[in-house]
Amino acid sequence: MEPQQILKDVFGYDSFRGGQETLIRAILEGRDALGIMPTGAGKSLCYQIPALARDGITLVVSPLISLMKDQVGAMTQAGVRAAYLNSSLTPAQYRRAMENARAGAYRILYVAPERLETEEFLDFARSAEIFMVCVDEAHCVSQWGQDFRPSYLKIPDFVARLPHRPVVCGLGPAGLFAALLLWIVHLGHAYDGLGPGAAPSGEDSPVGLLYDTLTMNLKHPLSLLLLQVIAILITVRIFSYLFKYLGQPGVIGEIVAGIVLGPSVLGHLSPETFAFLFDPDSLVPLNIISQIGLVLFMFVIGMELDLGVIRRKASETLVISHASIIVPFLMGMGLAYAVYPEFGARHASFVPFALFVAISVSITAFPVLARIVQERNLSKTPMGMLAIVTAWCLLAAVIAVARAGSVTSAFFTIVLTALYILFMFYLVKPFLRKIGEFYNKQETVSKTLVAFIFLVLIISSYITEILGIHALFGAFLAGVVMPANLSFRRVMTEKIEDVALVLFLPLFFVFTGLRTEIGLLNTPHLWGICALFIVVSIAGKMIGATFSARLVGESWKDSLSIGVLMNTRGLMELIVLNIGYEMGIIPGSLFVIFVIMALFTTFMATPLLSLIEKLFARESRAKRPTIHRYPRILISFANPESGPVFLKLVNLLYGRMIGGAKVTAVHYTIGTDTSPLNAYDYSKGSFAPLRAEADRLGLRIDTRYRVTDRYVEDLRSLAMREHYDFVLTGAGPSFIRNYLG
């Protein structure tokens, strides 16, 4: 097949970019080649197209594990059989990939340079028909900007030991270190056909040179990364505002923004814009930054966790965790049996396929759940804390099993994780408590202390990533063991939270959306299968979480709310799905079905929680007694100094009847972005003058504190739900004009 035809049929492009066709033709003619091209110029196509145009296998040498995974995922989605061999694979996965390679199942095989030195791989290479050896990301051949890595220096020896010499090429971004690849490419050949050799597009005039300079700067990796961040933040803010306007948490809008910026919308409406802005070669830095943002967010969530609630609800947490895994897991296994002939038979044996389907049905999205819990004021309630802890139990089991190569490996992973948790709670936490006590006597937090806290966070994330249960577990655990001193936690939260939530975390949601291609569901049958997965997933979680919560003593309202929250799957689902997809266990169409299921079940959480609130509020009103012996009074104030004034007014109005009255004082902070740690301080300070006046008058009062974006609706709901006879609220002219005028 001709290169132009492959470009159009496989990759969906109508024409080559500058320099691509020259390099491809040189390789197809059997000449060694070196391509030094800017990021975003489409380097990968320069070896992928020749690999598909000629018989045999192409070996792509690259040290970047994440890039290998992305490239293999993109090639598999395009219908090209490809695989990678690196340290992220378990021994069983590596053996399976080697067996498939020996059987000629792959056209392109990505390998880490160190793999070329092993006898097992050399034996395979001697027996295989190798068309080309390509060194991708050639700027990585330098170890410290001075010396070649030993594994790269041995590439010529590897090529020389093959029975038939393949074509050798190298591709890298424009820069000094890419030229070092000439020592590898040379291999006794003249420097012919090296690189695209495209002439500058502008003329040799000052204007032409300026044009060329600006064009080159626009494609520079840093410039492109900044442009990606700008586009993401603008799009995320727009969709976040839109979904908040519709009554959904802003985090749902951030996920949808990722879909819109991905191939499903932007890639369909404007392929050229999408290809320039989110070229696969440029996504590695964006992915790394987004992962760092997720780690910071998990650290903040850990610091805001109230362990006292966990201790009081330990038995409930255990029961709900197990039930939330077993019920949907069993239903997922049955669903896997039903769809295996269509979706799994050509990709993997039944057991791993069924395991991944069951895991995908059982998972709960902790980051999305945490944001919904935070935005709905649930993180300080037993129900909210139970939902978060249950989500962690699910995630720990799922990722340990998914990343382990066998049951024995999974067992050792869980044991090592348990030992690490004990280490953090019984050694690190007491040490940090001493630091917190020392800080409590200081007026400020020193930069040395902040650096130490960040070091604890990073080390903890690194250890859990090495253990195989994901870095975000370590980040969360580091937050949990921070000193209990609230002022210390508040200061650290203020330093991290805004940057993590506003800048970094949206990058994580959008990056995942960029890898989702909804267009793969192109028949009514596939959409019917998608609907079946959604129904089974919702039913499994609702049955397992709701009834188990009810059995351990939770109210029906809290039990149903836990069932709804446990149905939020979001991007934790995608983490597990990507593992199965990259291992070749689930096909692209099933991957998209699970993505849609995750979005649907996450999207439904907020309206269902609101429906539960309304249903139980209606039930509460139905039980209202006809006559109260004593008045029920609700006071709402914004300024803490107004509280005592309102209390004096109530005392004046009711006189001696005030002694038996139920008086409730509520203070609202407007804005659900408020940190729970700051909210705790606000709640204490807001009621101090009111309590002092109540003590002077000899009254007992009940105080409430809430964070909201809908003050009037929440106040009206509270008054109707608890049947207050008299509501006294402090309001300015804007309130009167907007709601009473």
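In what follows, the structure referred to is the one given above.
Residues numbered from 1 in each chain as written. Predicted model: local features only at pLDDT ≥ 70, side-chain atom pairs only at ≥ 80, totals over all residues. Heavy atoms only, no water.

Novice: Explain the overall build of the protein to me, please; I cannot follow it from the model alone.
Specialist: Along the protein, the regular secondary structure elements total 33 helices and ten strands. Burial analysis of the protein (741 residues in total) assigns 53% to the buried set. Here the contacts in the protein between residues at least 6 apart in sequence split such that 78% fall between residues at least 24 apart. On the protein, roughly 33800 Å² of surface is accessible, and the fraction owed to carbon and sulfur atoms is 62%. (Helix = DSSP H or I, 4+ residues; strand = E, 2+ residues; numbered from the N terminus. Buried < 20%, exposed > 50% of the residue type's maximum accessible area, 1.4 Å probe, protein only. Contact = heavy atoms within 4.5 Å. Areas by Shrake-Rupley, 256 points an atom, 1.4 Å probe, with all protein chains shown as cover.)

Novice: Sorry, what's going on with the pairing of strand S7 (residues 632–636) here?
Specialist: Each regular strand carries side chains that alternate between the two faces of the sheet. S7 sits mainly inside the fold: five of its five residues count as buried. Burial of the side chains of S7 extends over both faces: Arg632, Leu634 and Ser636 are buried on one face and Ile633 and Ile635 on the other.

Novice: Can you walk me through the pattern of salt bridges in this structure?
Specialist: Note that side chains of opposite charge can pair when their charged atoms are close. Across all of its chains, the model carries eleven salt bridges by this definition. The partner of Lys154 in a salt bridge is Glu117, with the nearest N and O atoms 3.6 Å apart. In this pair, Lys154 sits in the loop between helix H7 (150–153) and helix H8 (155–160) while Glu117 sits in the loop between strand S4 (108–111) and helix H6 (119–127), placing the two residues 37 residues apart along the sequence. On the basis of relative accessible area, Glu117 is assigned to the partly exposed category, the value being 38%. (Salt bridge = Lys/Arg side-chain N within 4 Å of Asp/Glu carboxyl O.)

Novice: I'm lost on the nonpolar core in this one. Help?
Specialist: Inside soluble globular proteins, nonpolar side chains tend to come together where they are buried. In this structure, Ile232, Phe278, Leu286, Phe299, Ile453, Met482 and Leu514 are the most contacted members of the largest nonpolar core, which totals 62 residues. Taken together, the elements giving at least two residues each to this core come down to helix H11 (221–245), helix H12 (250–261), helix H14 (271–277), helix H15 (283–303), helix H21 (407–439), helix H22 (447–467), helix H23 (471–480) and helix H24 (486–514). For this core, the element with the most residues is H24, which contributes 13 residues. Phe278 has contacts with Gln228, Ile232, Leu261, Leu266, Leu283 and Leu514, leaving out every residue within four places of it along the chain. With 61 residues, the next largest nonpolar core counts Ile24, Leu52, Ala83 and Leu109 among its residues. (Core = buried A, V, L, I, M, F, W, Y, C linked by side-chain atoms within 4.5 Å.)

Novice: Which parts of the structure should I look at to understand the side chain of Ser548?
Specialist: Within the secondary structure, Ser548 is located in helix H25 (residues 524–551). Accessibility expressed as a relative area gives 4% for Ser548, which makes it buried. A distance of 2.6 Å separates a polar atom in the side chain of Ser548 from the backbone oxygen of Gly544. (Polar contact = N/O pair within 3.5 Å; in protein donor to acceptor, adjacent residues only side chain to side chain.)

Novice: What exactly am I supposed to notice about the packing of H25 against helix H26 (residues 556–565) here?
Specialist: Direction vectors running N to C along H25 and H26 enclose 150 degrees, while the axes themselves pass 8 Å from each other. As far as their axial angle goes, H26 and H25 are roughly antiparallel. Helix-helix and strand crossings are classified by hand; for H25 and H26 the assignment is right-handed. Contacts between H25 and H26 involve Lys541, Met542, Ala545, Thr546, Phe547, Ala549 and Arg550 from the former and Trp556, Ser559, Leu560, Ile562, Gly563 and Val564 from the latter. Looking at the contact of H25 with H26 residue by residue, the classes come out as eight nonpolar, three polar and two charged. (Axes fitted to C-alpha atoms, helices over the stretch in contact; angles between N-to-C directions. Parallel < 35°, antiparallel > 145°, perpendicular 65-115°, else oblique. Left-handed = near helix turned anticlockwise from the far one by under 90°. Nonpolar A, V, L, I, M, F, W, Y, C, P; charged D, E, K, R; others polar.)

Novice: How do you make sense of the packing of aromatic side chains when you look at a structure like this?
Specialist: By convention here, two paired aromatic rings are described through the distance between centres and the angle between planes. For the structure on display, the rule yields twelve aromatic pairs. Every member of this aromatic cluster is reached through a ring pair, and the members are Tyr337, Tyr340, Phe350 and Phe353. Over the ring of Tyr724 we find Arg632; its NZ or CZ atom is 5.6 Å from the centre of that ring. (Phe/Tyr/Trp six-rings, centres within 6.5 Å; stacked < 30°, edge-to-face > 60°. Lys NZ or Arg CZ within 6 Å of the ring centre and 35° of its normal.)

Novice: Would you explain helix H18 (residues 350–362) in this entry?
Specialist: Between its first and last C-alpha, H18 extends 18 Å over 13 residues, near the 18 Å set by a 1.5 Å rise per residue. Most of H18 sits inside the fold, with ten of its 13 residues counted as buried. Buried within H18 we find Pro352, Phe353, Ala354, Phe356, Val357, Ala358, Ile359, Ser360, Val361 and Ser362. (Expected span 1.5 Å × (residues − 1).)

Novice: I would appreciate a short explanation of the side chain of Glu693 in the present structure.
Specialist: If you trace the backbone, Glu693 turns up in helix H31 (residues 676–697). Beyond its immediate chain neighbours, meaning those up to four positions away, Glu693 contacts Pro644, Leu647 and Lys648.

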